[in-house]
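Descriptive structure summary
Given next are the chains, with one letter for each unit.
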Amino acid sequence: MGKFYESIPPELVPWLLKQEVFWVASAPLNPEGHVNVSPKGVRDSFHVLSPTRVWYQDLSGSGVETISHLRENGRITLMFNAFEGPPRIVRLFGTGSVHEYGSAEYDALIPPEDRRPGSRAAIVIDVHKVGTSCGYAVPYYEFKGHRQALLDFFDKRERADQADPGAHAEKGLKAYWEEKNMRSIDGLPGMAHAPRVERTPDCRDEMRRANTPLRGDEASNANGHANGSGKVNGVGAGVFVKSAPRLERQRVQEWAVAFALGLAVAAVYVQVAHIL
């Protein structure tokens, strides 16, 4: 049976962060407009900031539907499902905001060391409802790796911009944004600022590979460090959710402590019973 929550249950966070692909759905207000569903599949694209706020690094593509729809009405749904292990589907319903490359919000969430080739925006979602369902009809699939083609394509575009003194090469990334990402297929405005940012897009060599995780233990919290202000790198986050590796270690430690306490209680009980 399906269940609904007002925020992301903590026990779901490690599972969400573990998924290698998720889907994003959005739609224009015009009933004759096109509903869009996009797969997202480069490692560590998705991050959890709090039980009610998540974000993902949005890579460039031949369309700009999600960005356009969010600019118009903000509605968005993220869907995750299990391809291995117990069946499960999770949907995050929320309101999204677009922080394009070159903005302060983008820089706070995606510093140069974590930026992928072609990264054009950070999409932040304020989650107001979480739905879980069985996923019994979803087949098993074996994950074999992430495709490299998209990152290689936009890496060449970025290098063209870097080699151009005006930082706006004919076959560069900014020219691609202007050609492909300024309007949705229904004519809604898409990217607004990134094509005119003065600095040229760049990233670390490691991030040019689709299977590269972020740095060590901090991979799943995506550069974010909670502070007393309730913000992560300057972006309002509320309650910070621990990363998956930390949650898993914490649970193992809790189970070990519980097991040890159980043994101690049992030993005391045996001694007391023997005395009586």
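Residues numbered from 1 in each chain as written. Predicted model: local features only at pLDDT ≥ 70, side-chain atom pairs only at ≥ 80, totals over all residues. Heavy atoms only, no water.

**So, the nonpolar core**
We count it as follows: The definition of a nonpolar core used throughout is a set of buried Ala, Val, Leu, Ile, Met, Phe, Trp, Tyr and Cys residues joined through side-chain atoms within 4.5 Å. Note on exposure labels: buried denotes an accessible area under 20% of the residue type's maximum, exposed denotes more than 50%, and partly exposed covers the range between, all computed with a 1.4 Å probe on protein chains only. Should any heavy atoms of two residues lie within 4.5 Å, those residues are considered in contact.
Counting 42 residues, the largest nonpolar core has Phe46, Val54, Leu78, Leu92 and Ile123 as its most contacted members. Apart from the residues within four sequence positions on either side, Val54 is in contact with Ile8, Phe46, His47, Val48, Leu49, Leu78, Leu92, Ile123, Val124, Ile125 and Val127.

**So, the packing of aromatic side chains**
Describing an aromatic ring pair means giving the distance of the ring centres and the angle of the ring planes. Condition: Ring geometry is summarised as follows: Phe, Tyr and Trp rings, the Trp one being its six-membered ring, pair when their centres sit within 6.5 Å, and such pairs are stacked at plane angles under 30 degrees, edge-to-face over 60 and tilted between the two. Secondary structure elements follow DSSP: runs of H or I of four or more residues count as helices, runs of E of two or more count as strands, with numbering from the N terminus. Here, over-ring charges are defined by two tests on the NZ atom of lysine or the CZ atom of arginine: distance to the ring centre within 6 Å, and angle to the ring normal within 35 degrees.
This model, assessed by the stated rule, comprises eleven aromatic pairs. Measuring from ring centre to ring centre gives 5.6 Å for Tyr101 and Tyr106, while their planes differ by 80°; the resulting arrangement is edge-to-face. Here the two residues Tyr101 and Tyr106 agree in accessibility, since each one is buried. A centroid spacing of 5.1 Å and a plane angle of 85° characterise the contact between Phe154 and Tyr176, whose relative ring orientation is edge-to-face. One end of the pair, Phe154, is in helix 4 (residues 149-163); the other, Tyr176, is in helix 5 (residues 173-180), and 22 residues separate them in sequence. The class of Phe154 is buried, set by a relative accessible area of 1%. Lying across the ring of Trp15, Arg88 places its NZ or CZ 5.1 Å from the centre.

**Re helix 2 (residues 65-72)**
Counted residue by residue, helix 2 has six buried out of eight residues, so it is predominantly covered. Taken together, the buried positions of helix 2 are occupied by Glu65, Thr66, Ile67, Ser68, His69 and Leu70. As for helix 2, its buried residues are in contact with strand 2 (22-26), strand 3 (36-40), strand 5 (53-59), strand 6 (75-81), strand 7 (89-100) and strand 8 (119-133). After helix 2 finishes, the residue Gly74 shows a positive phi value of roughly 80°.

**Re the pattern of salt bridges**
Inclusion rule: Each salt bridge in this description consists of a side-chain nitrogen of Lys or Arg and a carboxyl oxygen of Asp or Glu lying within 4 Å of one another.
Applying the stated rule across the entire model yields twelve salt bridges. Arg208 serves as the salt-bridge partner of Asp202, at 3.3 Å between the closest nitrogen and oxygen. Judged by relative accessible area, Asp202 falls into the partly exposed class, the value being 38%. Given a relative accessible area of 11%, Arg208 falls into the buried group. Here Arg204 makes a salt bridge to Glu206, at a shortest N to O gap of 3.8 Å.

Honestly, that's just the spatial picture; any functional story needs more than this.
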